[in-house]
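# Understanding the architecture of this molecule
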Amino acid sequence: MYDFSKVVITSSPHIKSKEDTQSIMLDVLIALIPSLAVSTYVFGFRAILMTAVSVIACMVFEAIYDKIVGKPNTIMDLSAAVTGVLLAFVCPVTLPYWMLIIGDGIAIIFAKCLFGGLGKNFMNPALAGRAFLLASWPVAMTTWAAARSSIGLISNSQETLDAISQATPLAIIKGTAEGDLPGIASMFLGMCGGSMGEVSAVALLIGGAYLLMRKVITIHTPAAYILTVAVIAFIFPMGDLGHMESLAYSVFSGGLMLGAIFMATDYSTTPVSKKGQVIFGIGCGLLTTMIRYFGGYPEGVCYSILLMNTTVWLIDKYTRPTKFGAPAKQKKEG
């Protein structure tokens, strides 16, 4: 006869996974290593120092906030470390450290902690930090170092920055900057100007494949996002490019790969259902192409994801799965 005294009564969920926040964030950090390696090769050891400064700043800001409000210290879940890496990746490698640290503070305190911490923030913290930096210091945030240029670890004079600066492919195509358009192969591998974590599409694809293999993310949002941009770029070529060239430059340049794989798949700020994730990805793709084609700024990934973050509650409302066996009225209300 079964001994019912051993039955443990608990609330849902009753099926639990061995995965926790720390292990998931560790997988994300591992997936970002190929991009950091390429950035270090392209921009030098300043890329590593920038990333380290950003990670440390984010963890310190979160620890200070937890201490002030009397919450348990949460830095060991590694979510602050992920935010630090991603924010460094979407900034120019020449950005002064003090600006990057201010962006870290905005990302952690104002975009994450003040809303209740991980899982309660409605926008991606790293992108919120980038948006603040771009609005506050637009020149510093749009000064891109050329591949394999000599960049000082501590500081660079304005003369040095002018000498090593290089326009991004999207800016050249849009006509907002002058320069020689890099080849598709160079852009795919990362040998061109841009934010240090965005320049190498192949490194980001390797990281994305790792996350898919580890089942940290699903294919729905990245595929919907990238395909939307690719289809529009093919049908309506950018600048004087041919159809296939427009597709390649639209997909492999700028922050599309980084945004689609690592930003638009954030658990806290994106839909939970597969249908919702596809809708979210398509929305990001449409907004990105609208900004790139009709906006004054050549890149649109940051703002497109932030704007779509604000619609997640609505997407979840209309794509939420119905309860199994629920009456028709209850399903309709759900």
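### Things to note about the overall build of the chain
- Within the chain, the secondary structure is distributed over 17 helices and zero strands.
- Counting every position in the chain, which comprises 334 residues, the buried fraction comes to 49%.
- Within the chain, residue pairs in contact and separated by at least 24 positions form 72% of the contacts whose partners lie at least 6 positions apart.
- Element-wise, carbon and sulfur atoms account for 68% of the exposed surface of the chain, whose accessible area totals about 16,600 Å².

### With respect to the packing of aromatic side chains
- Within the structure shown, the criterion is met by five aromatic pairs.
- Geometrically, the ring pair formed by Trp98 and Trp137 is edge-to-face, given 5.4 Å between the ring centres and 85° between the ring planes. With a gap of 39 residues between them, Trp98 in helix 5 (residues 97-110) and Trp137 in the loop between helix 6 (125-136) and helix 7 (158-164) connect regions that are remote in the sequence.
- Under the relative-accessibility criterion, Trp98 is labelled partly exposed at 48%.
- Relative accessible area serves as the criterion here: at 23%, Trp137 is assigned to the partly exposed category.
- Ring centres of Phe188 and Phe252 lie 5.0 Å apart, and the angle between their planes is 70°; this geometry places the pair in the edge-to-face category. Of this pair, Phe188 sits in helix 9 (residues 184-189) while Phe252 sits in helix 12 (residues 243-252), and the two are 64 residues apart along the sequence.
- With relative accessibility at 26%, the residue Phe188 sits in the partly exposed group.
- Members of the aromatic cluster, connected to one another through ring pairs, are Trp98, Phe132 and Trp137.

### Quick notes on the pattern of salt bridges
- Applying the stated rule across the entire model yields three salt bridges.
- With a closest N to O distance of 3.1 Å, Arg214 and Asp27 form a salt bridge. Placement of the pair is Arg214 in the loop between helix 10 (201-213) and helix 11 (220-235) and Asp27 in helix 1 (residues 21-31), with a sequence separation of 187 residues.
- Relative accessible area serves as the criterion here: at 38%, Arg214 is assigned to the partly exposed category.
- Residue classification places Asp27 among the buried residues on the basis of a relative accessible area of 4%.
- Salt-bridge contacts for Glu62 lead to Lys112; the nearest nitrogen and oxygen are separated by 2.8 Å. One end of the pair, Glu62, is in helix 3 (residues 46-69); the other, Lys112, is in the loop between helix 5 and helix 6, with 50 residues separating them in the sequence. Comparing Glu62 with Lys112, the two get one shared label, buried.

### Comments concerning the side chain of Glu299
- With respect to the element layout, Glu299 can be found in the loop between helix 14 (274-294) and helix 15 (301-309).
- Within the structure, Glu299 has its side chain in polar contact with the backbone nitrogen of Gly255 (distance 2.5 Å).
- Ignoring anything within four residues of it in the chain, the contact list for Glu299 reads Leu170, Gly254, Gly255, Leu256, Thr288, Ile291 and Arg292.

### Focus on the nonpolar core
- In terms of nonpolar packing, the biggest core is built from 74 residues, with Leu95, Tyr225, Leu258 and Phe262 touching the most fellow members.
- If one sorts the elements of this core by residue count, helix 4 (residues 79-89) sits on top with eight residues.
- Ignoring anything within four residues of it in the chain, the contact list for Phe262 reads Val28, Ala31, Leu32, Leu86, Leu204, Gly207, Gly208, Leu211 and Met257.
- One finds Met187, Met238, Leu241 and Tyr249 within the second-largest nonpolar core, a separate group that totals seven residues.

### A short note on helix 12
- Among all positions of helix 12, only Ser246, Ala248, Tyr249, Ser250 and Val251 are buried.
- In this structure, the buried side of helix 12 is in contact with helix 8 (169-174), helix 9, helix 11, helix 13 (256-263) and helix 14.
- Phi turns positive, to about 70°, at Gly254, one or two residues after helix 12.

### Things to note about the packing of helix 2 (residues 33-43) against helix 10
- Between helix 2 and helix 10, whose axes approach to 7 Å, the crossing angle comes to 160°. Relative to helix 10, the element helix 2 lies roughly antiparallel. The handedness of the crossing between helix 2 and helix 10 is right-handed. Only Ala203, Leu204 and Ile206 of helix 10 make contact with helix 2, whose side of the interface consists of Pro34, Ser35 and Val38.
- Residues of the contact of helix 2 with helix 10, tallied by class, amount to five nonpolar, one polar and no charged.

The rules behind the values
Residues numbered from 1 in each chain as written. Predicted model: local features only at pLDDT ≥ 70, side-chain atom pairs only at ≥ 80, totals over all residues. Heavy atoms only, no water. Helix = DSSP H or I, 4+ residues; strand = E, 2+ residues; numbered from the N terminus. Buried < 20%, exposed > 50% of the residue type's maximum accessible area, 1.4 Å probe, protein only. Contact = heavy atoms within 4.5 Å. Areas by Shrake-Rupley, 256 points an atom, 1.4 Å probe, with all protein chains shown as cover. Phe/Tyr/Trp six-rings, centres within 6.5 Å; stacked < 30°, edge-to-face > 60°. Salt bridge = Lys/Arg side-chain N within 4 Å of Asp/Glu carboxyl O. Polar contact = N/O pair within 3.5 Å; in protein donor to acceptor, adjacent residues only side chain to side chain. Core = buried A, V, L, I, M, F, W, Y, C linked by side-chain atoms within 4.5 Å. Axes fitted to C-alpha atoms, helices over the stretch in contact; angles between N-to-C directions. Parallel < 35°, antiparallel > 145°, perpendicular 65-115°, else oblique. Left-handed = near helix turned anticlockwise from the far one by under 90°. Nonpolar A, V, L, I, M, F, W, Y, C, P; charged D, E, K, R; others polar.

Honestly, that's just the spatial picture; any functional story needs more than this.
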